Amino acid sequence: YFHAARMALEHLLAAQRRQIAYLDSDEGGQATTRGLAVAAAAADAGIDIIILEAQDTAPAAREAVRSLLEQHGTVDGLLVFNDLMAAGALKALNAAGRAVPRDCAVIGMDGIPLGELVSPELTTLALDLRAVGRAAVGLVADLLSGAVEAGSPDASLILKHQLVLRQSA
């Protein structure tokens, strides 16, 4: 997730966003991993970001962003744990009269089809699931044939997200 977080933050910074927040899930597991990656990427870039958490639902994200805007009305960039929560964030920004992306750019993390159905369409960090499947099948085949030894560095995969630019950022 570090690569994905770095890409998103670089995109926001290139768009002159300076008050950036990250909305994480409070569910633990992946949330913790993604949140740590975002914090590390922000530290690596030398920027301070606001980190907040909410349940992994659109309504909870909507409420968290509403509260964020009350406390930090100058937030102009928002990275969100997943696309479903990003949809809730878009609703909160709209309800607050904040235009996306003019007033606040929003980037989700998932690449699910929902991102194309919301308005504005959601910029997201996505994995090419077909490429993931091909890589996984290839690795299993190599392990079974003995071409790759289990536990060796060649027995692991590093999958990198792609930034899918749409209207929200």
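All values reported here derive from a predicted model rather than from experimental measurement.

Colleague: Could you give me a rundown of helix α4 (residues 83-95), with the residues and numbers involved?
Modeller: With 13 residues, α4 ought to run about 18 Å at 1.5 Å a step, and its terminal C-alpha atoms sit 18 Å apart, in line with that. Those residues of α4 lying buried are Asp83, Met85, Ala86, Ala87, Gly88, Ala89, Leu90, Ala92 and Leu93. Where α4 starts, the residue carrying a side-chain oxygen 3.2 Å from the main-chain nitrogen of Leu84 turns out to be Asn82. Directly after α4, the chain includes Gly97, whose backbone phi takes a positive value near 75 degrees.

Colleague: Any details on the pairing of strand β4 (residues 105-110)? Residues and values, ideally.
Modeller: With respect to burial, β4 is a largely interior element, five of its six residues being buried. Relative to β4, strand β3 (residues 77-80) is paired through three bridges, and the arrangement is parallel. Its bridge partner lying in β4, Leu78 is registered against Val106. This β-α-β element, β3 to α4 to β4, shows right-handed connectivity. Where β4 lies against strand β5 (residues 123-126), four bridges are found, and the strand directions are parallel. Opposite Met109, over in β5, you have Leu125 as the bridge partner.

Colleague: Now, about the sheet that holds strand β1 (residues 20-25): what can you tell me, with residues and values included?
Modeller: Read across the open sheet, the six strands follow the order β2-β1-β3-β4-β5-β6; overall the sheet is mixed. Two strands in the sheet have a free side with no partner beyond their single neighbour: β2 (50-54) and β6 (162-164). For this sheet, the mean inter-axis angle between neighbouring strands, taken without regard to orientation, is 20 degrees. In this fold helix α1 (residues 2-14) packs onto β1, β3, β4, β5 and β6, with an angle of close to 165 degrees to the strand it touches most, β4. Along the sheet face, α4 touches β1, β2, β3, β4 and β5 and points at about 160 degrees away from the line of β4.

Colleague: Before we move on, could you go through the packing of helix α3 (residues 58-71) against α4 and cite the residues and values that matter?
Modeller: How two helices sit against one another is set out by the angle between their axes and by the gap between those axes. Between α3 and α4, the least distance of the axes is 7 Å, while the angle of their chain directions is 45 degrees. Taken together, the axes of α3 and α4 are oblique relative to one another. In this structure, α3 crosses over α4, and the sense of that crossing is right-handed. Along its contact with α3, which presents Ala58, Ala61, Arg62, Val65, Arg66 and Leu69, the element α4 presents Leu84, Met85, Gly88, Ala89, Lys91, Ala92, Leu93 and Ala95.

Colleague: Got a sec to walk through the nonpolar core? Specific residues and values, please.
Modeller: Side chains of nonpolar character tend, in soluble globular proteins, to be buried together. In terms of nonpolar packing, the biggest core is built from 43 residues, with Leu23, Val65, Leu78, Leu79, Val80, Val106 and Leu125 touching the most fellow members. Put simply, the parts of the chain that give this core at least two residues each are α1, β1, α2 (30-45), β2, α3, β3, α4 and β4. In terms of residues, this core owes the most to one element, α4, which gives seven residues. Apart from residues lying up to four places away in sequence, Leu78 is in contact with Leu12, Ala21, Leu23, Val65, Leu68, Ala89, Cys104, Ala105, Val106 and Ile107.

Colleague: Give me the pattern of salt bridges: which residues, what numbers.
Modeller: Enumeration over the complete set of coordinates arrives at five salt bridges. In this structure, Asp110 engages Arg34 in a salt bridge whose closest nitrogen and oxygen atoms are separated by 3.8 Å. Pair noted here: Asp110 is in strand β4 and Arg34 is in helix α2, with a separation of 76 residues, a long-range link. Each of Glu63, Arg66 and Glu70 takes part in one network of salt bridges that share partners.

Colleague: Describe the side chain of Arg34, and please don't skip the residues or the numbers.
Modeller: Overall, the relative accessible area of 6% leaves Arg34 in the buried class. Apart from residues no more than four positions distant in its own chain, Arg34 is found in contact with Tyr1, Tyr22, Phe81, Asn82, Met109 and Asp110.

Parameters at a glance
- Residues numbered from 1 in each chain as written.
- Predicted model: local features only at pLDDT ≥ 70, side-chain atom pairs only at ≥ 80, totals over all residues.
- Heavy atoms only, no water.
- Helix = DSSP H or I, 4+ residues; strand = E, 2+ residues; numbered from the N terminus.
- Expected span 1.5 Å × (residues − 1).
- Buried < 20%, exposed > 50% of the residue type's maximum accessible area, 1.4 Å probe, protein only.
- Polar contact = N/O pair within 3.5 Å; in protein donor to acceptor, adjacent residues only side chain to side chain.
- Pairing = 2+ DSSP bridges.
- Right-handed = clockwise from strand over helix to strand, strands pointing away.
- Axes fitted to C-alpha atoms, helices over the stretch in contact; angles between N-to-C directions.
- Contact = heavy atoms within 4.5 Å.
- Parallel < 35°, antiparallel > 145°, perpendicular 65-115°, else oblique.
- Left-handed = near helix turned anticlockwise from the far one by under 90°.
- Core = buried A, V, L, I, M, F, W, Y, C linked by side-chain atoms within 4.5 Å.
- Salt bridge = Lys/Arg side-chain N within 4 Å of Asp/Glu carboxyl O.

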